Structures are given as C-alpha cells and as structure tokens.
Amino acid sequence: MTYDESTLAALTKDAAEIKSRYPVERSALLPMLHLVQSIDGYISPDGIQFCADQLGLTPPEVSAVATFYTQYKRRPNGEYQVGVCTNTLCAIMGGDEIWRRVSERCGVGHDETTADGKISLERLECNAACDFAPVMMVNWEFFDNMTPETALQLVDDILDGKPVTPTRGADTVATFKEVSRVLAGFPDGRADEGPSAGAPSLAGIEVAKEQGWKGQDS
Amino acid sequence: MTDLIPVLSATWGLERSWNYDTYVSKGGYDAAKKALGMSPESIIQAVKDAGLRGRGGAGFPTGMKWGFLPAPDGGPRYLVVNADESEPGTCKDIPTMMAAPHVLIEGAIITSFAIGCNHAFIYVRGEVVHVYRRLLKAVQEAYDTGWLGKNIQGSGFDLDITVHAGAGAYICGEETALLDSLEGRRGQPRLKPPFPAVAGLYARPTVVNNVESIASVPSIIANGVDWFAGMGTERSKGMGLFSLSGHVKKPGQYEAPLGITLRELLEMAGGMREGHELKFWTPGGSSTPLFTAEHLDTPLDYESVGAAGSMLGTRALQIFDETTCVVRAVERWAEFYKHESCGKCTPCREGTYWLTLILHRLEAGQGTYADIDQLIATCDSILGRAFCALGDGATSSVTSSIQLFREEYEKHVELGACPFDHAASALFDYEPSPEEAHA
C-alpha cells in the first residue's frame, strides 16, 4: 500500500468506527468502500487492499463486491458526479434532450470524465423523485424540474468552479470525496441545511388544507 | 374521501419538520411511549387487526409477517427497514425520510419492541445523500433524548439503530438481496425458503419492512385499530401515499385512503396537462402492467387492481398523455431492468438483454413484425422462471403494452421509424436534434 502514515492511521481509526456499528464485521464493507472513495476518489487498488486487511478478506473478494455497485468507481472520478435521469418518466418529460445537451457541452459521454477532472457524467436510473421530473443529481443531491437551460447553467457553473445549490439538499453541493465520507456514515453537520420538502411533496397536504381535512387530529 | 388524512405527510410542510422538537410538538413519540407500556403481543395484534399491509409493493400483512418469527431462543432478532426506494415511478419514501425521519425512527422503536429486536437497521439507497444526513441526525437526536440506547425511557428495553447507505443497485430493494448487501456482499437474492423470518440477517430471525409500513405503525398505536381500519376498503385498509408523476398539472405526493381512484386523484392534481388526454399509466411502478383511461375508476386497492390485471405495487402512478410513444417508454424500462439485473439467474440476465435489444430496434424503426411476437416469447421465458421478482417485473410493461397498443408497435415497423414527435412529450419546448427526428 502506498498510503502515507497519517492517512493510514486516519483510515484505520475510521474503519474501526465503522466496524463498531455492526454485530458482524463484514457488514462494514460497503461503508468502508465509500470511505476509500473519500480519500482516493475511486476504489483504488490500495483501497481494496485496505478493506481486505481490515475485514480479513482477500482483495478479489473485496473487488467482487465493489464492482457490483454503480456508486463505486473503478477509475478516478470527477470532482462532481453529474447524473441526468434518463429512465422512462424523466426521459420522456425531457431528460433525453437534457442529456444530449449536457453531454455535448461537457464533451463526454456516459461514465466518462472531463479532461479537467471536474465532471463525471452519468445516465442515471430512477432516483425516486419522479414528481420533480426531469431530474438531475450532482454528487447525489437533487436538482429538480430541470430544463436544458438550467442544466447547461449548472454544468457551466461547475466547470467554472462556482458553487452550485441543489433544489432539496445542502446549501451547496459538496465534492465527490466529501459526499463519499458522509455515505461512509460520518456526518458533515449539514442535515439542517435546505428545505423540508419540495412543492410536489406538499401537493397533497395543500389539497387537504383547501378541503378542510384535518388529518390525524380530527 | 376521508377527513382523517393527512397522517404520514401531515408534518412535511412545517418549519424544520425533520427536527426532533418539531416532531414532538406534533405528538411525536407519544405512540412509542404508549407502546412501551403495552405487551409486545398486543402491539402485534393491533397491527394485525388494523389490517396494515406492506407498503413496499407486495402487500403482505405486516402484523402477520411479524408473527412469523419463531419463538425467542435467546439469540438476536433483527428489524431491517427497506429504504432502498428505486422502483421507477416510486418516490414516496425519500420525501418521507427527508421531511419526517423521526416517524420512521418511532415506528422502528415500536416494531423492534414488538418483535424483540435490540438492533435495527435502516438500509437507505446511497444516491440520496441529504436523506442519509437527515436520518443520521434523527438517530443521533433519538439517542440524545433517550429514545435509543440502553433502557429506553426507563422501560428496560434496549435498542440501537444503524443507518446504512447502499451503493447503487436496484436489486437491493429485494429483501434477501438487501440482506446480502447489508452483510457486505454483492446484492443478490437468496433462495427462499428459508424466509428472512427464520433465517434473515446473519441467518437470524429478521423482519424486513418498507419505510412507509414502519412509518404507519405509530399512527395505528396512537389512534387505534378502528381509526385505521375506518379508512380504505374491506381488505386494503388504511391510508397510503399515492405518487403522481408525468403529464399531470400538479405532480406530487397525495396521501389518500386505499381504494381511491385515478379519477379522484387527478382531480386533486388538477387533471392532465392542458389540452392533453390520458393515454397510459402504471398503477404501481414500472414493474406493474400498464393501465389506460379504461381504468380511471378502478379502486386503487390490492384486490381491485389485481382483478383488473395489474398490481397496486408502490402506488407509483406514472402518467403519460397521447404524445407519448409507448414503445419508447417500454424500451427505456427494459433498459433499466437489463442494467439492474444482478446476473444470478439466466432467464433474467439474458432475457432482459434480448428484450432491450429488440425494443431498441423496434423503436429505431428497424424492427420486424416477428420481433413483436419474439418479445412476447421472450417474456414467456422470463416470467415465473426468474430467481426473484425483478425478472417478472421486467416483462410487465412489455407484455401489457403489446396487448394494449399492438398497432403502435406495428406502426413502427410499417413506417420504419417512430411515429411520434418526442419533443411534444417534453415539459419544455425544444427543437429535436437531427438524430432524434430520424430515430
């Protein structure tokens, strides 16, 4: 392994914390792979070896798991993972056109990264926000009700190094590595940022209010 | 309709709705307090009597599932909350956890107490980082206020909750694949039996329940069996979130008693978008056979939707108007299942590959009439022969769309092109690219 002493010490400490969450150590593997990505920006050979050492597995056993899941990247990832949902509902509501324009602007296709390392582009599968279609995700934060114009502005801002703000999420999108650390189960203190819900999530309770339905208290 | 709703979504619009203090100010944790004074058996009985059925798609009675756990043998028993929401069209659990994570924690406390579990897990998909942040915070708040940890509220009951982020795999919504994933393995389904109730997480008795099922439990304990059973239909009781998306004026989450119809829901959502009419819709996500305007008055409960040839699923109503090409829609769903097939069994792995290939050439105008029959034959080779429900689900939209819209498939062959203007379906105006125009 090529991790320097302090990196390895920090990783080892975090890995111990992750293992302590589970009755059986192997359950720590998925969060530990997120942790590796928070250091290396992808599932590196060093990261695989580290997880294997921590959990008493062989590197092929760790690789077998890592390659199953799309969030684990096999090559150094861009600073921002930009996804355009092209599953049926979003695609038809305009996601296909958004994808075409975004891909053209970035000059890369699915699962490719811009030369400056800023953006890794992805055709997303459904991200459970169909009532906000068409949807994009940047580092797993929601960008709702997109149009080609707002989508291009978004990628331009990222390429220009400007902070971007999701519709429902933290005040600004954290980097791929920072978000990977959260996914490993280490809070970044940003849970209180952003709204409780978007307008479509509240559509039903608006109707209930108009109708005078009182709900649980009635 | 009933004036008893909203229940699940009642607090979503409140300022900082996700915080412990907000939740408690609206009666949060009263149900857990009450439950800790009840016997576990009486909680299970209440959930059985209320008639709560699983809200994750299959509709299995929740209380009965809990009752399947074998008698305690001194070893651990687990509750695993399935928060891996990713069925196309389904978008109810994510807003629930974003706006009201404590209702899930409270439900998990009551459920764990009822089934004798001291360590529960919430498996949330990894692609929603803000939801994960809110869950982590809610769990921390619950520890800080004595609702988790040792001797909860002086009851003598201990409970830990671990919130676990997945890493991008639809198949992990299948309960046994989820368990394998939670054990740190590839998320592939297990052979059943044994069912998770007997040998689940770490081969121990385990209950796996959907977010909305668990989130419904506090309301049943707080308001009583009769209150809950007073909503819905004879065999599909209670309320649920109906997720309307697509070509409707106001897409969103509409909480309603089971048995409501699309016609009623559309009224709430302002109808179809201006100047357009309903063509087809999914009642319960992309794995459920398509419905059309003929089914506007079908009660959306498990029995009625089943009798009409589809499934209530997750009440994920993806709604498409007459501008939409059904072949394009189905091709994209097929691509999804191909992408998400775990590869464990041949019918699903190979079948979804071929479905995608054939649908792609049909949509591109390069298909033949024989391709349409081949799609049906390929679906026949998958349905009922796949290892888990993913394969079956992949066939639903293909088979039903050919039954309902065969002439539209044939039109693609006849014209050698897709007869639809894709730009007309989009929610914004654009000039189709040359490639798309000749697709």
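Within every chain, residues take consecutive numbers counted from 1 along the sequence as written. Here the convention is simple: chains get letters from A, ligands get numbers from 1, in the order in which they are written. Selection of residues for local features in this predicted model requires a pLDDT of at least 70, selection of side-chain atom pairs for listing and counting requires 80 or more, and totals for whole chains, interfaces and linings are taken over all residues.

### Focus on the overall build of chain A
A run of H or I in DSSP becomes a helix once it reaches four residues, and a run of E becomes a strand once it reaches two; helices and strands are each numbered from the N terminus. When helices and strands are counted, chain A shows eight helices and five strands. Listed by position from the N terminus, the elements making up chain A come as α-α-α-α-β-α-β-β-β-β-α-α-α. Structurally, chain A occupies a C-alpha span of about 60 × 50 × 30 Å along its principal axes. Once C-beta atoms have been placed from the backbone, residue pairs whose C-beta atoms lie within 7 Å are recorded as contacts. Excluding contacts between residues fewer than 6 apart, the proportion of contacts in chain A whose partners are at least 24 apart in sequence is 62%.

### Section: the packing of helix 15 (residues 346-363) of chain B against helix 17 (residues 389-415) of chain B
Residue and element names in this part refer to chain B. Note on definitions: angles span 0 to 180 degrees between N-to-C directions of axes, and those axes are lines fitted to C-alpha atoms, for helices only across the stretch in contact. Running from N to C, helix 15 and helix 17 cross one another at 20 degrees; their axes reach a closest spacing of 12 Å. Here helix 17 runs roughly parallel to helix 15, going by the angle between their axes. Where helix 15 crosses over helix 17, the handedness of that crossing is left-handed. When helix 15 is examined against helix 17, the residues Pro347, Cys348, Gly351, Thr352, Leu355, Leu362 and Glu363 are found in contact with a partner set consisting of Leu390, Gly391, Ala394, Val398, Tyr409 and His412. Under this grouping Gly is polar, as are all residues other than the nonpolar Ala, Val, Leu, Ile, Met, Phe, Trp, Tyr, Cys and Pro and the charged Asp, Glu, Lys and Arg. Among the residues forming the contact of helix 15 with helix 17, the class breakdown is eight nonpolar, four polar and one charged. Oblique is the label for any angle not under 35 degrees, not over 145, and not in the 65 to 115 range, which are roughly parallel, roughly antiparallel and roughly perpendicular in turn. Put simply, a crossing is left-handed when the front helix is turned counterclockwise from the back one by less than a right angle, and right-handed when it is turned clockwise.

### Observations concerning the interface of chain A and chain B
Chain A puts 68 residues into the contact, and the matching count from chain B is 81 residues. Per element, the largest residue contribution to the side of chain A that touches chain B is nine residues, and it comes from helix 5 (residues 88-106) of chain A.

### Thoughts on helix 2 (residues 29-40) of chain A
The span you would expect from a helix comes to 1.5 Å times its residue count less one. Helix length check: helix 2 of chain A, at twelve residues, gives a terminal C-alpha distance of 16 Å against a target of 16 Å (1.5 Å per residue), a fit within 8%. Comment: burial labels come from other C-beta atoms within 10 Å of the residue's own C-beta, placed from the backbone, where a count of 20 or more is buried, 12 or fewer is exposed, and between is partly exposed. Turning to helix 2 of chain A, its buried residues are Leu29, Leu30, Pro31, Met32, Leu33, His34, Leu35, Val36, Gln37, Ser38, Ile39 and Asp40 of chain A.

### Examining the pairing of strand 7 (residues 278-282) of chain B
Across a regular strand the side chains alternate sides, sitting on one face of the sheet and then on the other. Residue and element names in this part refer to chain B. In terms of residue burial, strand 7 counts as a mostly covered element, since five of its five residues are buried. Where strand 7 and strand 9 (residues 316-321) come together, four bridges link them in antiparallel fashion. In the sheet register, threonine 282 faces strand 9, and the bridge partner there is glutamine 318. Note: two strands are recorded as paired if DSSP finds a minimum of 2 bridges between them. Here strand 7 pairs with strand 8 (residues 291-292) via two bridges, running antiparallel.

### Observations concerning helix 6 (residues 101-115) of chain B
Counted at 1.5 Å a residue, the expected span for helix 6 of chain B with its 15 residues is 21 Å, and the 21 Å between its end C-alpha atoms agrees. Looking one or two residues past helix 6 of chain B, glycine 116 of chain B carries a phi angle of roughly 75 degrees, positive in sign.

### A few points about the domain arrangement of chain B
Residue and element names in this part refer to chain B. Under the domain assignment, chain B is made up of domain 1 (20-229), domain 2 (239-321) and domain 3 (326-425). For each domain, the first and last residues come from an automatic or database assignment. With centres defined by C-alpha atoms, the gap from domain 1 to domain 3 works out at 36 Å. Looking at the side of domain 1 that touches domain 3 residue by residue, the classes come out as five nonpolar, two polar and one charged.

### Looking at the sheet that holds strand 7 of chain B
Residue and element names in this part refer to chain B. Read from one edge to the other, the open sheet built from five strands follows the order 6-5-9-7-8, with strand pairing classed as mixed. Where the open sheet ends on each side, the last strands, each with one partner, are strand 6 (252-257) and strand 8. Relative to strand 9, strand 5 (residues 239-246) runs parallel, the two being bridged by four bridges. Counterpart to serine 245 in the pairing with strand 9 is glutamine 318.

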